[in-house]
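The chain contents come next:
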Amino acid sequence: MPVSSVTVRTPSVTPAVVVVGTGPRGTGFLERIAANARSLYDGLPLDIHLVDPHPPGAGRVWRRDQSPLLWMNSMAADVTMFTDDTVDLAGPVRHGPALHEWARDIREGRARLSAESEAAEAAEEALTPSGSGSGSGLRAEIAALTGQTFPSRRVQSAYLSWVYEQTVAALPPGVTVHQHRTDAVRVTGPRGGRQRVWLADRTEPLLADLVVLTLGHLDAEPDAEQVELSRFAEEHGLIHLPPDFTADSDLSALPAGEPVLVRGFGLAFVDLMVLVTEGRGGRYSGSAGHDDGELVYHPSGREPVLYVGSRRGVPYHSKIGYGLDGERPPLPRFLGPEQIDALLSRPVPPDFRRDVRPLIDKELGFAYYHRLFTAHPERTRVDWTDFEEKYAAADPGGPELDALVGAAVPDPADRLDLAALDRPLDGLRFPSYDALQDGLRDYIRADLGRRHDPAHSADLAVFFGLLSVYGQLIRLGDLGDSGGSWHGFFSYVASGPPGPRLRQLLALSRAGVVRFLGADMSVEADGRRGIFRAGSAVVPGEYVEARALVEARLPDPSPERTRSPLLRALYEEGAAAVSAGLVLVDPDDGRLLERDGTPHPRRFALGPNTTARSSGAFTRPRTGGPAFRQNDATARAALTLLAGLARPPAAATAPAATAPAATAPAATAPAATAPAGSPPAATAPAATAPAATAPAGSPPAATAPAATPPPATPPAGSPSTTVSAPRPPDGQPVRS
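All residue numbers here refer to positions counted from 1 along the written sequence of the relevant chain. Residues qualify for local features only when their pLDDT is at least 70, as the model is predicted, and side-chain atom pairs are given and counted only at 80 or more; totals for whole chains, interfaces and linings, by contrast, use all residues. Derived side-chain values reflect all non-hydrogen atoms in the structure, with water molecules and hydrogen atoms excluded from consideration.

Draft legend 1. The overall build of the protein, seen in detail. Counting its secondary structure elements, the protein contains 18 helices and 20 strands. Each residue gets one of three labels from its accessible area relative to the maximum for its type: buried under 20%, exposed over 50%, partly exposed in between, using a 1.4 Å probe on protein chains only. Buried positions account for 54% of the 736 residues belonging to the protein. The long-range share in the protein, meaning contacts at least 24 apart out of those at least 6 apart in sequence, stands at 76%. Accessible surface, the protein as shown: approximately 29,400 Å² in total, 54% of it carbon and sulfur. The numbering of helices and of strands both runs from the N terminus, where a helix is a DSSP run of H or I of at least 4 residues and a strand a run of E of at least 2. Contacts: residue pairs with any heavy atoms within 4.5 Å of one another. Using a 1.4 Å probe, the Shrake-Rupley method yields the accessible areas, and only the shown protein chains count as cover for residues.

Here you go:
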């Protein structure tokens, strides 16, 4: 239904939007504002307030001040912040460089680091002893970076800072950005009027015509089990580190040489492993860069001994180390818009296990076998056309499908077994923990070999199938999976660590610094002996005792336990959330839903803390990018609403002043002004940049807004506290 936004306003009041969170998702939303403003908001004044205590662009997770030992878990060629013609957008495509292309532009002088990165580099160089060289600095990393590099997080931070700076520079005249390096603690205001955003460091709120929350991953208070474990640790003089961002945990508490129980075998564990080994002075010899590279770890003597286990008992699958040549599987095939429409049209919500997961499995199987039959036909017995016809007719997971695959694919190793992929240790038992170490090292070596061998390129087709499925499931809200098992499976298969990290894990295992505990890990607090004890299902009857326990995972963002005062206040006021702690939003445009299902006309949310979360922190180029589509829809809905408010009062009663229906924000955009995917040349900011000095989609460095912020008076109520360069005073415009 239409959402009324008509408000009696005086023409002297400039419309304003407050964006809470300026990490990658907030920057992505701002980029879509810049892309769509000329067609939906051209020539009108607008104030944009950005609220985040962390640096704009990078935000908390990708901020520069982390250990340079910490990497992204994506190759540079697989990371972009810019749209392309594979994205289903109502607004214009705005091209720009992927991470490795940006690094090349920096090296070759076609782009410059952002003002914030330049200032940070200068500060670090001032602290570097004379003559020590700069081989470990940011510029050295950029100089060595290729598309196949797994960059450090500080390189990604510099890229995101640059993207933010270019995005602000691309905003049209009349749009002014104000930075507020603080936290937002509450949003109040009537549904049909201006919202008030209360900040932690001031008594007067920011006034906004709409608010967009791009909060990213959030902290949470510990659950009952974690509270009890922490209490037990305090009583007995033990160490317990609850779920947290590993880079923010105080790992100095973990004693050298002592056993530490670690529950969690995903990416948080990888960060922990790095920080307490190399981060404490250990080093590797050998080459982890080769597919068959075997490393030797040389301890510093300051490492703890990590005993790691989890529900699966194995690390996340390695990133695939090759590209897909030839035809991609034609997706979606069995789980596309038609199937999602049918699920949503049912009178009762679909059951994920019964109604959705079989379609997912059939889609992944289709992707896998399409690649196997077309790229490796010598390992099949029938032609693809015949197999596809019978595969389409068979019920997902049924005996007919199993018989078809068994007859057409002779080697069981070439058949897709999703259950075994998900739980590889199910049913296995080892006589001792020493035997388990050998078994797990064999498993990790086999996984590395397969994930770096193009002979198994059907595995890469499954990866593309997973991306396709994720993009479709967004429409179901919370992926239709309130228990989170699907999201966990996706992360385990498609979002694992780089291969070199698993080679390091093998070296640490051989050195005795890491010991494997196995699947279905259990942790007990032994009050009689005052110690933590852990065991697993794969080595029954044996246990490991330790004085320290680390929960190597992010906190579960329960609505009841969120540490965000902003979200707590929204929940108290009536915003809806699911049990997994995700904010409930309209998947079409990101409007916050209230508990009665009504979309709030002035409040939006994007990102991993919402039920419309996308498949990863960043988008691979030319993969459709659901996050880009979400950003675009929200930006267009916001601009349409704001444009109505910016008109003179006489026009406020016209039909155009009413915001579009929450489910179809883009429908009000005139097709002639912004056809999908093909904007007029005049709307591209890079069109005026000399080709020799700026890559496509990248304004020249001279336009960097932070270098010379224009003088301006902050709007009424804006803070005026001044802080040191390179960022402007809090609340001061950085571009207008």
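Draft legend 2. Structural context of unusual backbone geometry. Cis geometry marks the peptide bond from Leu331 to Pro332, where omega comes out at -5 degrees. You can see Pro332 is positioned in the loop between strand S12 (305-309) and helix H8 (337-344). With a phi angle near 50 degrees, Asp520 is a residue other than glycine that sits in the positive phi range. Looking at the secondary structure, you find Asp520 in the loop between strand S13 (514-518) and strand S14 (522-526). On the basis of relative accessibility, which here comes to 38%, the residue Asp520 falls in the partly exposed class. With a phi angle near 60 degrees, Arg622 is a residue other than glycine that sits in the positive phi range. Relative to the elements of secondary structure, Arg622 occurs in the loop between strand S19 (599-605) and helix H18 (626-646). A residue is classified by how much of its surface remains accessible, and Arg622, at 47% relative accessible area, is partly exposed.

Draft legend 3. Geometry of the layout of surface pockets. In this analysis, the protein atoms alone were mapped onto a 1 Å grid. Cavities are point sets where a 1.4 Å probe fits without being able to get out; pockets are open sets with protein on both sides within 12 Å along at least five of seven lines; lining residues have an atom within 4 Å of a point. Grid points are joined across faces, edges and corners, and a volume is the space filled by probe spheres set on the points. Here the second largest pocket is characterised by a volume of approximately 450 Å³. Taken together, the elements giving at least two residues each to the lining of the second largest pocket come down to helix H12 (418-422), helix H13 (433-451), helix H14 (458-473) and helix H15 (485-494). Looking at the lining of the second largest pocket residue by residue, the classes come out as 15 nonpolar, one polar and six charged. Residue polarity follows a fixed list, in which Ala, Val, Leu, Ile, Met, Phe, Trp, Tyr, Cys and Pro are nonpolar, Asp, Glu, Lys and Arg are charged, and the others, Gly among them, are polar.

Draft legend 4. Looking closely at the sheet that holds strand S5 (residues 195-199). Across the sheet, which stays open at both edges, the three strands sit in the order S4-S5-S6 with antiparallel pairing between neighbours. The open sheet has two edge strands, strand S4 (184-188) and strand S6 (206-208), and neither has a second partner. On average, each strand axis in the sheet is inclined to that of its neighbour by 25 degrees, with strand direction left out of account. Inspection of the sheet shows S5 paired to S6 by three bridges, in the antiparallel sense. When the sheet's bridge partners are listed, Arg196 is paired in S6 with Leu207. Here the rule is simple: two strands pair whenever DSSP picks up at least two bridges between them. To define axes, lines are fitted to C-alpha atoms, for helices over the stretch in contact only, and angles between the resulting N-to-C directions are given on a 0 to 180 degree scale.

Draft legend 5. Here's a closer look at the pattern of salt bridges. We define a salt bridge as a contact between a side-chain nitrogen of Lys or Arg and a carboxyl oxygen of Asp or Glu at a distance within 4 Å. Within the structure shown, the criterion is met by 47 salt bridges. Arg60 is the partner of Asp219 in a salt bridge, and the nearest nitrogen-oxygen pair spans 3.1 Å. Taken together, the positions of Asp219 in the loop between strand S7 (210-213) and helix H6 (224-236) and Arg60 in the loop between strand S2 (46-51) and helix H2 (99-107) put the pair 159 residues apart, joining distant regions of the chain. By relative accessible area, Asp219 is classed as partly exposed at 22%.

Draft legend 6. Expanded view of the packing of aromatic side chains. A pair of Phe, Tyr and Trp rings is counted when the ring centres sit within 6.5 Å of each other, with Trp represented by its six-membered ring. The angle between the planes then sorts it: under 30 degrees is stacked, over 60 is edge-to-face, the rest tilted. In total, this model carries 23 aromatic pairs according to the counting rule given. Arranged with centres 6.1 Å apart and planes meeting at 35 degrees, the rings of Trp486 and Phe489 form a pair that is tilted. Linking Trp486 with Phe489, this pair stays in helix H15, spanning three residues, or about one helical turn. On the accessibility criterion, Phe489 (2% relative accessible area) is buried. Through a chain of ring-to-ring contacts, the aromatic side chains of Phe334, Phe366, Tyr368, Tyr369, Phe373, Trp384, Phe387 and Tyr391 assemble into a single cluster. In this analysis the charged atom, NZ for Lys or CZ for Arg, is taken to sit over a ring once it is within 6 Å of the ring centre and within 35 degrees of the ring normal. Above the face of the Phe366 ring, Arg333 is positioned so that its terminal group lies 5.6 Å from the ring centre. Lying over the aromatic face of Phe489, Arg357 brings its terminal NZ or CZ to 5.0 Å of the ring centre.

Draft legend 7. Structural context of the nonpolar core. Membership of the largest hydrophobic core comes to 126 residues, with the highest contact counts inside it found for Leu254, Phe269, Tyr369, Leu473 and Trp486. The leading source of residues in this core is H14, at 10 residues. Among the nonpolar cores identified, the runner-up in size contains 29 residues, and Ile33, Val212, Ala637 and Leu642 belong to it. We call a set of buried Ala, Val, Leu, Ile, Met, Phe, Trp, Tyr and Cys residues a nonpolar core when their side-chain atoms join them within 4.5 Å.

Draft legend 8. Layout of the sheet that holds strand S15 (residues 531-535). Read from one edge to the other, the open sheet built from three strands follows the order S14-S15-S16, with strand pairing classed as antiparallel. Each edge of the open sheet carries a strand with a single partner, namely S14 and strand S16 (544-546). Strand-to-strand, the axes of this sheet are offset by a mean angle of 25 degrees, without reference to chain direction. The pairing of S14 with S15 spans five bridges and is classified as antiparallel. Within the sheet, the bridge partner assigned to Val523 lies in S15 and is Ala534. Across the sheet, H6 is in contact with S14 and S15; its angle to S15 comes to roughly 135 degrees.

Draft legend 9. Structural context of the packing of helix H1 (residues 24-40) against helix H5 (residues 153-170). Here H1 crosses H5 at 25 degrees, and the two axes come no closer than 9 Å. Between H1 and H5, the angle is such that the two are roughly parallel. For H1 against H5, the interelement crossing comes out left-handed. Counted together, Pro24, Thr27, Leu30, Glu31, Ala34 and Arg38 of H1 and Leu160, Val163, Tyr164, Thr167, Val168 and Ala170 of H5 form the full contact between these two elements. Among the residues making up the contact of H1 with H5, the classes are represented as eight nonpolar, two polar and two charged. Orientation labels follow simple angle bins: below 35 degrees gives roughly parallel, above 145 gives roughly antiparallel, 65 to 115 gives roughly perpendicular, and whatever is left gives oblique. Crossings are assigned a handedness: left-handed for a near helix turned anticlockwise from the far helix by less than a right angle, right-handed for a clockwise turn.

Draft legend 10. Inspection of the packing of helix H9 (residues 352-375) against helix H10 (residues 384-393) at higher detail. The geometry of H9 relative to H10 is characterised by a closest axis approach of 11 Å and an angle of 175 degrees between their N-to-C directions. Taken together, the axes of H9 and H10 are roughly antiparallel relative to one another. Between H9 and H10, the contacting residues are Asp361, Lys362, Gly365, Phe366, Tyr369, His370 and Phe373 on the first element and Trp384, Phe387, Glu388, Tyr391, Ala392 and Ala393 on the second. Tallied by class, the residues present in the contact of H9 with H10 amount to eight nonpolar, two polar and three charged.

Draft legend 11. Spotlight on the confidence of the model for the protein. Residues at a pLDDT of 70 or more form 83% of the protein, whose mean pLDDT is 86. A low-confidence stretch, residues 131-135 stays under pLDDT 50, and its non-local contacts, those more than four residues away or across chains, total three contacts. pLDDT gives the predictor's per-residue confidence on a scale running from 0 to 100.

Draft legend 12. Molecular detail of helix H16 (residues 499-510). Expected helix span is computed as 1.5 Å times (number of residues minus one). Relative to the 16 Å expected for 12 residues at 1.5 Å per residue, H16 spans 17 Å between its end C-alpha atoms, a close match to the ideal helical length. In terms of burial, H16 is a largely internal element, 11 of the 12 residues being buried. Packing partners of the buried residues in H16 comprise helix H7 (267-275), strand S10 (283-285), strand S11 (296-298), H13 and S13. One or two steps after H16, the chain reaches Gly512, where phi turns positive at roughly 80 degrees.

Draft legend 13. Broad picture of helix H11 (residues 399-408). Buried within H11 are the following residues: Leu401, Leu404, Val405 and Ala408. For H11, the buried positions fall inside an angular range of 95 degrees around the axis, keeping them on one side. Exposed side of H11, more than 90 degrees from the buried face: Pro399 and Asp402 are the residues found there. Where H11 is buried, its residues meet H9 and H10. Relevant arc is that of directions from the helix axis to the C-beta atoms, nothing else.

Draft legend 14. Spatial organisation of the side chain of Arg603. Tracing the chain through its elements places Arg603 in strand S19. Judged by relative accessible area, which is 5%, Arg603 ranks as buried. Whenever a nitrogen or oxygen atom comes within 3.5 Å of another N or O atom, the pair is scored as a polar contact, on the condition that within protein one atom can donate a hydrogen and the other can accept it, and that pairs from neighbouring residues in sequence are kept only if both atoms are in side chains. For Arg603, the side chain forms a polar contact with the side chain of Gln195, separated by 2.8 Å. A polar contact is formed between the side chain of Arg603 and the side chain of Glu573, at a distance of 2.8 Å. The contact partners of Arg603, leaving out residues within four places of it in the chain, are Val187, Thr188, Gly189, Gln195, Val211, Leu570, Glu573, Gly590, Arg591 and Leu592.

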